[in-house]
Amino acid sequence: MTQLYWETIGEGSQDLVLLHGWGLNAEVWRSIIPRIAPHFRLHLVDMPGYGRSQGFEAMDLQTMANTLWQNAPEGAIWLGWSLGGLVASRIALDHPFQIKGLITVASSPCFQAHASDWPGIRSEVLVGFEHQLATDFQRTVERFLALQTLGTESARNDARLLKAIVTDQPVPKVETLNAGLEMLRVVDLRDELKQLTVPFLRLYGYLDGLVPRKVAALLDDRYPNSPSVVMRHSAHAPFISHPDEFCEYLLDFLARLEG
């Protein structure tokens with residue numbers, strides 16, 4: 001039977017489910033675990049088809065959210081980075097009375113740029129990545145990882161760390177990666193998230209080239225009850241480049257929930 005890789009650690013009483021981004025796996029969170037494990041019961045998950053969760057067919061957003069929900073603890077906070085933010089958002093929308101909060105990191109309810117009114121990744125860039133995966137898998141993944149750290153003082157080391165996280169675990173199939181890119185290209189949760197009732201924190205990197213900081217301000221207008229933080233010196237992976245600052249925001253969110 002195909003099973004998810006799902007590791008639970010930490011001494012806190014509040015469950016926190018951590019969902020990684022495209023092409024990666026739960027090892028992206030290792031550097032922040034010592035900082036937050038005393039405060040949370042952490043659930044480190046390789047999403048279906050990624051890392052150690054092999055054997056799953058390529059999935060659309062709804063199927064992936066449903067698959068993860070089958071293993072979910074009640075009353076958890078769901079945190080999703082990048083593509084994982086879309087998955088966590090889908091879960092929050094589907095189960096608003098069974099989760100405690102939603103945190104998205106360097107994520108957008110709509111990753112693809114639309115004309116002049118919505119900043120994001122150009123459609124041709126995402127389509128190009130899909131085509132390139134079929135011809136040069138390794139180089140395409142490395143290029144995408146490099147984009148995630150571009151602009152920060154520690155960019156080179158951060159990109160090297162992300163690459164090691166990918167190569168140290170089973171590599172996703174091209175079909176899984178293409179399905180993830182398709183989610184980034186077609187999913188649009190902007191209107192649905194207006195109805196979200198659970199506490200919702202959004203974290204961004206000021207230097208992020210994949211989710212432009214303008215998204216934060218646009219969503220501040222759409223979701224007035226959802227605070228946002230733009231981390232000044234971070235790009236697309238703020239928990240890797242600035243782990244202490246990142247964890248402060250998580251603990252502040254927890255403190256406000258416990259009120």
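All values reported here derive from a predicted model rather than from experimental measurement.

**Focus on the side chain of Glu-7**
And then number 1: Examined against the element boundaries, Glu-7 turns out to sit in strand E1 (residues 5–9).
And then number 2: In terms of polar contacts, Glu-7 uses its side chain to reach the side chain of Tyr-5, at 2.6 Å.
And then number 3: Discounting residues that sit within four places of it in the chain, Glu-7 has contacts with Arg-30, Leu-42, His-43 and Leu-44.

**Some remarks on the UniProt feature "binding site: substrate" (unreviewed entry) in the protein**
And then number 1: In the UniProt entry, the feature "binding site: substrate" (unreviewed entry) is given for Trp-22, Ser-82, Leu-83, Phe-144, Leu-145, Ala-146, Leu-147, Gln-148 and His-236.
And then number 2: Inspection of the secondary structure assignment puts Ala-146 in helix H5 (residues 137–149).
And then number 3: In this structure Ala-146 comes out as partly exposed when scored by relative accessible area, which is 33%.
And then number 4: The contacts of Gln-148, once residues within four sequence positions are left out, are Leu-24, Trp-81, Leu-162, Leu-210, Ala-235, His-236 and Ala-237.

**Quick word on the UniProt feature "domain: AB hydrolase-1" (unreviewed entry) in the protein**
And then number 1: Within the UniProt annotation, "domain: AB hydrolase-1" (unreviewed entry) is assigned to residues 16–243.
And then number 2: Helix makes up 40% of residues 16–243 and strand 15%, and the two end C-alpha atoms of the span are 17 Å apart.

**So, the packing of helix H4 (residues 123–135) against H5**
And then number 1: Contact pair H4 / H5: the axes reach a minimum separation of 6 Å and the direction vectors enclose 140°. Looking at the two axes, H4 sits oblique to H5. Across from Phe-129, Gln-132, Leu-133 and Thr-135 in H4, the residues of H5 making contact are Phe-137, Thr-140, Val-141, Arg-143, Phe-144 and Leu-147.
And then number 2: For the contact of H4 with H5, the class distribution of residues is six nonpolar, three polar and one charged.

**Quick word on the pairing of strand E5 (residues 99–105)**
And then number 1: When you tally the buried positions in E5, you get six out of seven residues, the bulk of the element.
And then number 2: Two strands pair when backbone bridges link them, and strand E4 (residues 76–81) and E5 are joined in this way by six bridges, in the parallel orientation. The residue of E5 that forms the bridge with Trp-81 is Val-105.
And then number 3: In this fold, E4 hands off to helix H3 (residues 83–94), which returns the chain to E5; that crossover is right-handed.

**Re the packing of aromatic side chains**
And then number 1: Taken as a whole and judged by the stated rule, the model has seven aromatic pairs.
And then number 2: Relative to Phe-239, the ring of Trp-29 lies with its centre 4.5 Å away and its plane at 35°, an arrangement referred to as tilted. Here Trp-29, found in the loop between strand E2 (14–19) and helix H1 (33–36), pairs with Phe-239, found in helix H9 (residues 238–241); they are 210 residues apart in sequence, far enough to count as distant. Like Trp-29, the residue Phe-239 is buried in the burial classification.
And then number 3: By the ring-pair criterion, three or more aromatic residues cluster together here, those being Trp-29, Trp-81, Phe-239 and Phe-246.
And then number 4: Above the ring of Trp-118, the side-chain terminus of Arg-190 is found at 4.6 Å from the ring centroid.
And then number 5: Directly above the aromatic system of Tyr-206 lies the positively charged group of Arg-213, at a separation of 3.8 Å from the ring centroid.

**Some words on the pattern of salt bridges**
And then number 1: According to the stated counting rule, one finds 16 salt bridges in the structure shown.
And then number 2: Residues Arg-52 and Glu-27 are paired through a salt bridge, measuring 2.9 Å at the closest nitrogen-oxygen approach. You can see Arg-52 sitting in the loop between strand E3 (40–46) and helix H2 (61–69) and its partner Glu-27 sitting in the loop between E2 and H1, a full 25 residues away along the chain.
And then number 3: The class for Arg-52 is partly exposed, based on a relative accessible area of 24%.
And then number 4: Residue Arg-256 pairs with Asp-252 through a salt bridge whose shortest N-O separation is 3.2 Å. Here Arg-256 pairs with Asp-252, and both are found in helix H10 (residues 243–258), just four residues apart, close to one helical turn.
And then number 5: Taken together, the shared-partner salt bridges connect Glu-7, Glu-27, Arg-30, Asp-46 and Arg-52 into one network.

**Structural notes on the pairing of E4**
And then number 1: Among the six residues of E4, six are classified as buried, and the element is accordingly described as predominantly covered.
And then number 2: Where burial is concerned, the two faces of E4 agree: the one with Ala-76, Trp-78 and Gly-80 and the one with Ile-77, Leu-79 and Trp-81 are both buried.
And then number 3: In this structure, E2 lies alongside E4, joined through four bridges in parallel fashion. Considered in E4, the bridge of Leu-19 is made with Gly-80.

Procedures and definitions
Residues numbered from 1 in each chain as written. Predicted model: local features only at pLDDT ≥ 70, side-chain atom pairs only at ≥ 80, totals over all residues. Heavy atoms only, no water. Helix = DSSP H or I, 4+ residues; strand = E, 2+ residues; numbered from the N terminus. Polar contact = N/O pair within 3.5 Å; in protein donor to acceptor, adjacent residues only side chain to side chain. Contact = heavy atoms within 4.5 Å. UniProt positions renumbered as here; feature names shortened; annotations may be inferred. Buried < 20%, exposed > 50% of the residue type's maximum accessible area, 1.4 Å probe, protein only. Axes fitted to C-alpha atoms, helices over the stretch in contact; angles between N-to-C directions. Parallel < 35°, antiparallel > 145°, perpendicular 65-115°, else oblique. Nonpolar A, V, L, I, M, F, W, Y, C, P; charged D, E, K, R; others polar. Pairing = 2+ DSSP bridges. Right-handed = clockwise from strand over helix to strand, strands pointing away. Phe/Tyr/Trp six-rings, centres within 6.5 Å; stacked < 30°, edge-to-face > 60°. Lys NZ or Arg CZ within 6 Å of the ring centre and 35° of its normal. Salt bridge = Lys/Arg side-chain N within 4 Å of Asp/Glu carboxyl O.

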